[in-house]
Amino acid sequence: MTSERPTAQEAVLPWFTSQVKLGIRYGLYFLAVGFGMGAIYGLFGGLFLQPALFATSLIGIFCLMNFPASVVAILVNLLLALFKKSSRPVYRYFGLSLGFALVYLLFFYVLHVSHVSVF
């Protein structure tokens, strides 16, 4: 009897998918916390929606600025993989950043479609 073990390439895709899902979950947490903090701030000033959307948008801008840095990191890591010197945490960083980027791109798309003015 031979036990078939998954190859390295077969084991990487489910792990990377779980990292992207984790990034989506964290992105949704950040979205909710940012919206809540902005809403609490807005309640003191009499407005509710605009400060909440502004706080969420500000966090989203910083998260989306992080994504190109993760793309550069993954490209360097893939180049180093040719020489067998790649690092697994870089793949995790890219997966988490991709999840955050998906959440905030969807958020900004909904803001664009709904024609809500944040500023």
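The preceding data block contains the structure.
Residues numbered from 1 in each chain as written. Predicted model: local features only at pLDDT ≥ 70, side-chain atom pairs only at ≥ 80, totals over all residues. Heavy atoms only, no water.

Draft legend 1. Molecular detail of the overall build of the chain. Counting secondary structure elements, the chain contains 3 helices and 0 strands. If you list the helices and strands of the chain from N to C, you get α-α-α. The contacts of the chain with a sequence gap of at least 6 include a subset with a gap of at least 24, amounting to 69%. For the chain, the computed accessible surface area is about 8,500 Å², with 74% contributed by carbon and sulfur atoms. (Helix = DSSP H or I, 4+ residues; strand = E, 2+ residues; numbered from the N terminus. Contact = heavy atoms within 4.5 Å. Areas by Shrake-Rupley, 256 points an atom, 1.4 Å probe, with all protein chains shown as cover.)

Draft legend 2. Representation of a nonpolar patch on the surface within the structure. Residues Val72, Val76, Leu79, Leu80, Leu82 and Phe83 make up a contiguous nonpolar surface patch of roughly 610 Å² in combined accessible area. Along the chain, valine 72 falls in helix α2 (residues 49-81). (Patch = residues over 30% accessible without salt bridge, like charges linked within 9 Å, V, L, I, M, F, W, Y side chains within 5 Å. Salt bridge = Lys/Arg side-chain N within 4 Å of Asp/Glu carboxyl O.)

Draft legend 3. Examining the environment of tyrosine 41 more closely. Within the fold, tyrosine 41 resides in helix α1 (residues 8-45). Here the alpha-carbon distance between tyrosine 41 and alanine 52, two residues 11 residues apart in the chain, equals 7.9 Å.

Draft legend 4. Spatial organisation of the environment of proline 51. In this fold, proline 51 is placed in helix α2. C-alpha of proline 51 to C-alpha of isoleucine 40: the two residues are 11 residues apart in sequence and 8.6 Å apart in space. For proline 51, the residues in contact, after removing those within four places along its chain, are Gly38, Tyr41 and Gly42.

Draft legend 5. Main features of α2. Helix length check: α2, at 33 residues, gives a terminal C-alpha distance of 47 Å against a target of 48 Å (1.5 Å per residue), a fit within 8%. Looking at α2, one finds that the buried residues are Pro51, Ala52, Leu53, Ala55, Thr56, Ser57, Gly60, Cys63, Ser70, Ile74 and Asn77. (Expected span 1.5 Å × (residues − 1). Buried < 20%, exposed > 50% of the residue type's maximum accessible area, 1.4 Å probe, protein only.)

Draft legend 6. Fine view of the packing of aromatic side chains. Tallied over the full model, the rule gives 6 aromatic pairs. Relative to phenylalanine 94, the ring of phenylalanine 16 has its centre 6.0 Å away and its plane inclined at 15°; by these criteria the two rings are stacked. Placement of phenylalanine 16 in helix α1 and of phenylalanine 94 in helix α3 (residues 88-114) is noted, with a sequence separation of 78 residues between them. For phenylalanine 94, a relative accessible area of 16% puts it in the buried group. Geometrically, the ring pair formed by tyrosine 104 and phenylalanine 107 is edge-to-face, given 6.4 Å between the ring centres and 85° between the ring planes. With tyrosine 104 and phenylalanine 107 both in helix α3 and 3 residues apart, this pair spans about one turn of that helix. Following the ring pairs from residue to residue traces out a cluster consisting of Phe16, Phe67 and Phe94. One Lys or Arg, arginine 88, reaches over the ring of tryptophan 15 and ends 4.0 Å from the middle of that ring. (Phe/Tyr/Trp six-rings, centres within 6.5 Å; stacked < 30°, edge-to-face > 60°. Lys NZ or Arg CZ within 6 Å of the ring centre and 35° of its normal.)

Draft legend 7. α3, seen in detail. Here α3 contains 27 residues, and its C-alpha end-to-end distance of 40 Å stays within 8% of the 39 Å for a straight helix at 1.5 Å per residue. For α3, the set of buried residues is Phe94, Gly95, Leu96, Ser97, Gly99, Phe100, Ala101, Val103, Tyr104, Phe107 and Leu111. Taken from the residues just after α3, histidine 115 is the one with a positive phi, measuring 60°.

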